[in-house]
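# Geometric and topological summary
What follows is each chain in one-letter form.
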Amino acid sequence: MNRYFHGTGAVRSYFEGWYFKHQSPEHTLILIPAFHAGKKGQKSASLQILLDEASYHLSFDGADFKASADRLHICLGQNVFCEKGCRIHVDAPGLTLRGHLYYGAFCPPRRSFMGPLSHMPLPCFHEVLSLFHSLRGRLLVNGQVWDFNDGCGYLEKDWGTSFPGSYLWLQGAHKKTPEHRTSLMLAVAGLGNDRQPVTACSSLLLHEGRQYRLSTYQGGRLLRFEGRRIALKQGPYLLQVILPPQASSSLRDPNPASASPGSSLLAPQDGQLRRPIREIPRCPLLCQLYKGGKRLLDTEIEAGSLERV
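Structure report, in brief.

Turning to a positive patch on the surface, a few remarks are in order. Together, Arg 110, Arg 111, Arg 210, Lys 291 and Lys 294 line one region of the surface with positive charge. With respect to the helices and strands, Arg 210 occurs in strand E16 (residues 210–215). You can call Arg 210 partly exposed: its relative accessible area is 45%.

Quick look at the structure:
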């Protein structure tokens, strides 16, 4: 049984967070509720919010957080997240956010995203809960109505101690008709240690009702991972992704006053949000899939999201 919350018995140095992405032709809204246990066992929670060109971080007491282990149901202050949708009530400096969004049926992967890697002693584990689901509803964002009717949703989660030291993560989806939907998620991460560094790559692609999975743990090979291009080959399949120009290298910048691309986020380190990173919440991604040299897919996903650390 899929456990929706792993942290019931967490004592220290632990985090668990969910990434709810909502996109329409005009807007992107990303909500990241999370639970934290620090090195000394102190419990807390957070809600990070990414809009098209801004980000916000809200802190909560541990008592304000509740989650179910056997179903998707998260309460964080006045905010509720579940499989049917989310209810948002946020008042923060520079941001007022109100309303309900309703989710259609989830499209989960056929099996665990991490595969055999989920049995390794890693600092972080990852799972995709829905590659694509439809959206209904409107939100009031700083007095303006954001309409997500007929939009696209995506949901994943992470849990463990800390994010990898270096990684690339991207996701994007679009639909031409209810039957013609495309959703891509890809992650490249440095695993192992200084003596035995390992680069792992895994991807999930949903296209017109079929799921494709290319991964190094299934024998896939990362042919290219430099600049703006990623190429992953597995058997007869070749997946290529071309990133936007602003993501040709790491989004990290040692000078916080500089105009780095993307919006500010905090990533977990030893269970707490202490590591500054950046995410581009809305950018174009070119996705191409070939089988034996025959092109199966060649499309630009306009509302992709990307982190490169």
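Following the structure, the description resumes.
To continue, consider the pairing of strand E9 (residues 95–103). The sheet contact formed by strand E8 (residues 85–92) and E9 spans eight bridges and is antiparallel. From the neighbouring strand, Ala 92 faces E9, where its bridge partner is Leu 95. What sits between the antiparallel neighbours E8 and E9 is a turn of two residues, in which Gly 94 has the positive phi angle 85°. Here E9 runs beside strand E10 (residues 124–141); their pairing, made up of seven bridges, is antiparallel. What sits directly across from Arg 98, in E10, is Leu 140.

So, on to the pairing of strand E18 (residues 229–234). Sheet topology note: the strand E17 (residues 221–226)/E18 ladder contains five bridges and is antiparallel. Paired with Phe 225 across the two strands is Ile 230, which belongs to E18. Between the antiparallel neighbours E17 and E18 lie two residues, among them Gly 227 with a positive phi of about 55°. Direction of pairing for E18 relative to strand E19 (residues 237–242): antiparallel, over a ladder of six bridges. The residue bridging Leu 232 from the neighbouring strand is Leu 239, located in E19. The antiparallel hairpin formed by E18 and E19 contains two residues in its connecting segment, where Gly 235 sits at a positive phi of about 60°.

This next bit is on the pattern of salt bridges. A side chain of one charge can pair with a side chain of the opposite charge when the charged atoms of the two come close. Counting across every chain of the model gives eight salt bridges. Residues Asp 270 and Lys 39 are paired through a salt bridge, measuring 3.5 Å at the closest nitrogen-oxygen approach. Here Lys 39 lies in the loop between strand E2 (28–37) and strand E3 (43–50) and Asp 270 lies in the loop between strand E20 (263–269) and strand E21 (272–291), a separation of 231 residues in the sequence. Judged by its relative accessible area of 22%, Asp 270 falls in the partly exposed class. By relative accessible area, Lys 39 is classed as partly exposed at 49%. Between Asp 150 and Lys 175 there is a salt bridge, with its nearest N and O atoms 2.8 Å apart. With Asp 150 in the loop between strand E11 (144–147) and strand E12 (151–160) and Lys 175 in strand E13 (residues 167–177), this residue pair connects regions lying 25 residues apart in the sequence. With a relative accessible area of 23%, Lys 175 lands in the partly exposed category.

Another aspect to go through is the packing of aromatic side chains. Counted by the stated rule, this structure contains 14 aromatic pairs. Ring geometry for Phe 163 versus Tyr 167: centroids 5.8 Å apart, planes at 90°, classification edge-to-face. As far as burial versus exposure is concerned, Phe 163 and Tyr 167 are alike and both buried. Relative to Tyr 237, the ring of Tyr 212 lies with its centre 5.8 Å away and its plane at 65°, an arrangement referred to as edge-to-face. Within this pair, whereas Tyr 212 is found in strand E16, its partner Tyr 237 is found in strand E19, the two being separated by 25 residues in sequence. Here Tyr 212 falls in the buried class, since its relative accessible area comes to 11%. An aromatic cluster of at least three residues, connected via ring pairs, comprises Phe 5, Trp 18, Phe 35 and Phe 65. Its end group placed over the ring of Trp 159, Lys 157 keeps NZ or CZ at 5.1 Å from the ring centre.

Conventions we followed
- Starting from 1, residues in each chain are numbered consecutively following that chain's sequence as written.
- Side-chain atom pairs in this predicted model are given and counted only at pLDDT of 80 or more, local residue features only at pLDDT of at least 70, and totals for whole chains, interfaces and linings cover all residues.
- Heavy atoms from the whole structure form the basis of all side-chain values; hydrogens and water molecules are not counted.
- Exposure above 30% relative accessible area and no salt bridge define the residues that can form patches, which grow by joining like charges within 9 Å and nonpolar side chains of Val, Leu, Ile, Met, Phe, Trp and Tyr within 5 Å.
- Each accessible area is a Shrake-Rupley result for a 1.4 Å probe, and residues are judged covered by the shown protein chains and nothing else.
- Every case where a carboxyl oxygen of Asp or Glu lies within 4 Å of a side-chain nitrogen of Lys or Arg is listed as a salt bridge.
- In this charge count, Lys and Arg are treated as positive and Asp and Glu as negative; neither His nor the chain ends contribute.
- One atom stands in for each charge, and that atom is NZ of Lys, CZ of Arg, CG of Asp or CD of Glu.
- Secondary structure elements are taken from DSSP: a helix is a run of H or I of four residues or more, a strand is a run of E of two residues or more, and numbering for both begins at the N terminus.
- Note on exposure labels: buried denotes an accessible area under 20% of the residue type's maximum, exposed denotes more than 50%, and partly exposed covers the range between, all computed with a 1.4 Å probe on protein chains only.
- Whether two strands pair comes down to DSSP finding at least two bridges between them.
- Whether two aromatic rings pair depends on their centres lying within 6.5 Å, for rings of Phe, Tyr and Trp, where Trp uses its six-membered ring; planes under 30 degrees apart make the pair stacked, over 60 edge-to-face, and the rest tilted.
- Charge-over-ring contacts are defined here by two conditions on Lys NZ or Arg CZ: a distance within 6 Å of the ring centre and an angle within 35 degrees of the ring normal.

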